[in-house]
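Chain residues, written in single-letter form:
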Amino acid sequence: SVASDDQKFCLTEVLDTFKLCLSENKEVYLEQYVAGWRGLVKFLNSLGSVFGFISKDAVNKIQVLVNYLNGENGSQYITVQSMVKYELDNELVDLTKRGSHPESGCRTLLRLHRALRWLELFLERLRTSTEDSKTSVMCAESYNESLALHHPWVVRKAAGMAFLVLPGRPAFFEVMNVGPPEQVVAMLGEALPLISEVYQITEELYAQHLLLDLP
Ligand code: 1PZ
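Now for a look at the structure at hand. Since the model is a prediction, treat every value here as computed from it, not as a measurement.

Bringing the overall build of the protein chain into the picture now. For the protein chain, the count of helices and strands is 9 helices and 0 strands. Taken over C-alpha atoms, the radius of gyration comes to 17 Å for the protein chain, in line with the 17 Å a tight globule of 215 residues would show. Here the C-alpha coordinates of the protein chain stretch approximately 50 × 40 × 30 Å along the principal axes. Counting only residues that meet the buried cut, the protein chain has 47% of its 215 residues in that class.

In structure tokens, the structure reads:
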């Protein structure tokens, strides 16, 4: 499980959760995926209340998926693969425009999936950054290459303003609570291939079923 409230927060544990997402035959466990996001949201909240509008949206989406997991058809939601099959087979997804299934598991997870790409890009920049690199710039660049492509102007504007108040690289590393910079870099080097694999597997699954533009 991710760090509990009385423990000091450590980002290693959160990123480790994504390791547990992959089954032996490379399916993505929804419960672990959601647990990983819970940890990330917790981390985001520890950076300050300006990020509240971002974490609120992520929490909403996490909750939608948890409700499916705990619902009467929970057994269909064990993996992302089984979720996609179940929702498509039963016509539970709005494919071209919002209709009777505005909160399908498929469209909800897609939003987090796009955000995972942002995370991958951002952590890779953080990993290869130098002491004088700016977190706000690394964050904005990663955002512009990923999530921003799917966001309307107002959201991009608000996100851009939030990035400006991100703590600088030293303070950011501090909040990650992983250890000295060398250790942060090593930890990221280990975690990133796994995050990347989870992302790739989901991306290919969604591409295969033509789900990458779900409304
Ligand atoms: C460390 C700095 C954190 C920066 C996080 C970068 C992401 C900025 C995203 C800004 C989105 C804010 C508001 C929500 C917008 C929603 O409209 C969209 C689309 O959902 P829809 O409207 O279609 O239901 N939501 C998203 O794109 C999901 C965003 C999740 C962001 C999670 C970030 C977690 C960060 C972890 C930090 C380590």
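Our focus in this paragraph is the pattern of salt bridges. In the structure shown here, the tally under the stated rule is 8 salt bridges. Here K85 ties to D89 by a salt bridge, and the two come within 2.6 Å at their closest N and O atoms. With a gap of 4 residues between them, K85 and D89 both fall in helix 4 (residues 80-89), about one helical turn apart. The exposed category is assigned to K85, whose relative accessible area is 52%. According to the relative accessible area criterion, D89 is exposed, its value standing at 52%. Here E120 and R117 are joined by a salt bridge, their closest N and O atoms 3.3 Å apart. Of this pair, E120 and R117 both sit in helix 5 (residues 105-127), 3 residues apart, roughly one helical turn. According to the relative accessible area criterion, E120 is buried, its value standing at 11%. Through salt bridges with shared partners, a single ionic network connects R125, E141 and E145.

Calculation notes
Sequence order sets the numbering: in each chain, residues are counted from 1 along the sequence as written. pLDDT decides what is reported in this predicted model: residues at 70 or higher carry local features, side-chain atom pairs at 80 or more are listed and counted, and totals for whole chains, interfaces and linings draw on all residues regardless. The basis for every side-chain value is the complete set of non-hydrogen atoms in the structure, without hydrogens or water. Helix and strand labels come from DSSP, where a helix needs a run of H or I of at least four residues and a strand needs a run of E of at least two; each type is numbered from the N terminus. Here the globule rule is a power law, 2.2 Å times the number of residues to the power 0.38, and the radius of gyration is based on C-alpha atoms. Under the scheme applied here, a residue whose accessible area is under 20% of the maximum for its type counts as buried, over 50% as exposed, and between as partly exposed, the area being computed with a 1.4 Å probe on protein chains only. Salt bridge criterion: a side-chain nitrogen from Lys or Arg within 4 Å of a carboxyl oxygen from Asp or Glu.

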